[in-house]
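# Descriptive analysis of the structure
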Amino acid sequence: MKKPIKPAVETISEPLRDLAALPAPVRALREKILAACETGDIEALRIPIDWNEVRPLFERGARRPAGADPIETLKSLSFDRAGREMLSLARAVLSQPFLRITRGPFESYEWPAFARRPAPPASEEETRALWACMRFADLAASNADGRPKVMRIGVGADGVWHYFWNAE
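Only a predicted model underlies this, so the values are computations on that prediction, with no experimental measurement involved.

What follows covers the environment of cysteine 37. Tracing the backbone shows cysteine 37 in helix H1 (residues 24-39). Looking at cysteine 37, the relative accessible area reads 2%, which means it is buried. Taking the C-alpha atoms as reference points, cysteine 37 and threonine 73, separated by 36 residues in sequence, lie 16 Å from one another. Dropping the residues within four chain positions of it, cysteine 37 is found in contact with Leu87, Ala90 and Arg91.

What follows deals with the pairing of strand E5 (residues 161-166). Counting buried positions along E5 gives five out of six residues, so the element sits mostly inside the fold. With five bridges connecting them, strand E4 (residues 151-156) and E5 associate as antiparallel partners. Of the residues in E5, the one forming a bridge with glycine 154 is tyrosine 163. Counting the residues that bridge the hairpin from E4 to E5 gives four residues, and of these glycine 159 lies at a positive phi of roughly 90°.

Our next topic: the environment of arginine 60. Within the element layout of this structure, arginine 60 appears in the loop between helix H2 (46-50) and helix H3 (70-77). On the basis of relative accessibility, which here comes to 41%, the residue arginine 60 falls in the partly exposed class. Between the alpha carbons of arginine 60 and serine 123 there is a distance of 30 Å; along the sequence they are 63 residues apart.

A contiguous nonpolar surface patch, about 430 Å² in accessible area, is contributed by Phe79, Trp131, Phe136 and Leu139. The topology assignment puts leucine 139 in the loop between helix H5 (124-132) and E4.

This part covers the side chain of threonine 73. Its location among the elements puts threonine 73 in helix H3. A relative accessible area of 7% means that threonine 73 is categorised as buried. Apart from the residues lying within four places of it in its own chain, the contact partners of threonine 73 are Phe58, Glu59 and Arg64.

What counts, and where the lines are drawn
- Residues numbered from 1 in each chain as written.
- Predicted model: local features only at pLDDT ≥ 70, side-chain atom pairs only at ≥ 80, totals over all residues.
- Heavy atoms only, no water.
- Helix = DSSP H or I, 4+ residues; strand = E, 2+ residues; numbered from the N terminus.
- Buried < 20%, exposed > 50% of the residue type's maximum accessible area, 1.4 Å probe, protein only.
- Contact = heavy atoms within 4.5 Å.
- Pairing = 2+ DSSP bridges.
- Patch = residues over 30% accessible without salt bridge, like charges linked within 9 Å, V, L, I, M, F, W, Y side chains within 5 Å.
- Areas by Shrake-Rupley, 256 points an atom, 1.4 Å probe, with all protein chains shown as cover.
- Salt bridge = Lys/Arg side-chain N within 4 Å of Asp/Glu carboxyl O.

Shape descriptors only; they carry no functional weight alone.
Okay, here's the thing in structure tokens:
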């Protein structure tokens, strides 16, 4: 008789600000994304996107055709349809504290830390940061828990960019 497989326990750290605590590949990817954001040109994000063997996910449940251009996807999700909103969001998200998430032997990092917090923002500064991390199209919406749809960036400890999407 086979033993049932236990699901991996997820451990989430307290919010972290010390970028030196990030593994080198995570720091390198974060810096590459921020450098792309500074250009003001969504095409500059193609470099960190293409660092992955598998492209990061930019939306949940979307049925885009295989091989769809990720830059065109980001443009379509951006209020201005040129991608500037997504660049601004990525910069805002990556400037916030982050979380270290451990599931079994796997470790990942997620920005911003407050996207997973069920409580309202603790300060006026955190409230402004929260609004800076939301797409214009999502300002009047909320997720299933009634919380704002804050954009998140998730990166594996190996520096693989997994996602940049809103907290559904």
